[in-house]
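Residue strings, one per chain:
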Amino acid sequence: MTTQRTFSILKPDVTQRNLTGAVNAKIEAAGLRIIAQKRIHMSLKQAETFYAVHSARPFFGELTQMMSAAPVVVQVLEADNAIARYREVMGATNPANAAPGTIRKEFAVSMGENSVHGSDAEETAAIEIAQFFAGNEIVG
Ligand code: ATP
Ligand code: MG
């Protein structure tokens, strides 16, 4: 497996509860390198673009409002097999189903406020990274 990149968001429930460092410690302990990172306040439009794949789902309005209601931290993570590795340390979407030791088990509030986003495939990772980072902001 060659080195791979994935896109990560520490969601508003993390920044609001001052857990950025705690989540980053989990990310780094899993062997993922944070090779780009910035704190931003997403506009509703940016959130709608980012989650366009979910636009027909009943929770789309709630999700995009939540993601644009407070600051988030956007990141690029790098490791061998980074996409699957990060999804493993994130844990299941619903924190009630997340395995012990995962970010969502330890920190998530609910299905919606579930602390982190991670890309689900190489194609989506590339699109998501390009939405938030210029090439010269990523230093691997
Ligand atoms: P993410 O894409 O954020 O990494 P995921 O891939 O585990 O999470 P998706 O199915 O892609 O989950 O859903 C995207 C996000 O939408 C979830 O992380 C969660 O915040 C929100 N979400 C998903 N299902 C629901 C639901 N039933 N009710 C409220 N919010 C939901
Ligand atoms: Mg997803």
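Residues numbered from 1 in each chain as written. Chains lettered and ligands numbered in written order. Predicted model: local features only at pLDDT ≥ 70, side-chain atom pairs only at ≥ 80, totals over all residues. Heavy atoms only, no water.

1. Re the nonpolar core
Next up, step 1: Formed by 20 residues in total, the largest nonpolar core has its most connected members in F7, I9, M42, M67, V74, F132 and F133.
Next up, step 2: Among the elements of the structure, β1 (3-10), β2 (33-40), α3 (44-50), α4 (60-67), β3 (72-80) and α7 (122-132) are those that each provide at least two residues to this core.
Next up, step 3: Residues within four places of M42 in sequence aside, it is in contact with I9, A47, M67, S68, V72 and F132.
Next up, step 4: Residues Y86, V89, I103 and V116 belong to the second largest nonpolar core, which totals 16 residues. (Core = buried A, V, L, I, M, F, W, Y, C linked by side-chain atoms within 4.5 Å. Buried < 20%, exposed > 50% of the residue type's maximum accessible area, 1.4 Å probe, protein only. Helix = DSSP H or I, 4+ residues; strand = E, 2+ residues; numbered from the N terminus. Contact = heavy atoms within 4.5 Å.)

2. Thoughts on the sheet that holds β1
Next up, step 1: The sheet built from four strands is open, its strands ordered β2-β3-β1-β4 with antiparallel pairing. In the strand order of this sheet, the two ends are held by β2 and β4 (116-118), each with one partner. Within the sheet, the average angular offset between the axes of one strand and its neighbour, ignoring direction, is 20 degrees.
Next up, step 2: Sheet strands touched by α7: β1, β2, β3 and β4. Its angle to β1, the strand with the most contacts, is close to 55 degrees. (Pairing = 2+ DSSP bridges. Axes fitted to C-alpha atoms, helices over the stretch in contact; angles between N-to-C directions.)

3. Describing the site of ligand 1
Next up, step 1: The local shell around ligand 1 holds 16 residues, among which K11, T93, G112, N114 and H117 are the closest.
Next up, step 2: Contacts to ligand 1 include R104, whose side-chain N or O atom sits 3.2 Å from an oxygen atom.
Next up, step 3: Isolated, ligand 1 exposes 570 Å² of accessible area, and the fraction of that covered by the protein chains is 81%.
Next up, step 4: Of all the elements in the fold, those that place two or more residues in the shell around ligand 1 are α4, α5 (82-90) and β4. (Near = heavy atom within 4 Å. Polar contact = N/O pair within 3.5 Å; in protein donor to acceptor, adjacent residues only side chain to side chain. Areas by Shrake-Rupley, 256 points an atom, 1.4 Å probe, with all protein chains shown as cover.)

Everything listed here is a matter of geometry and, on its own, says nothing about what the molecule does.
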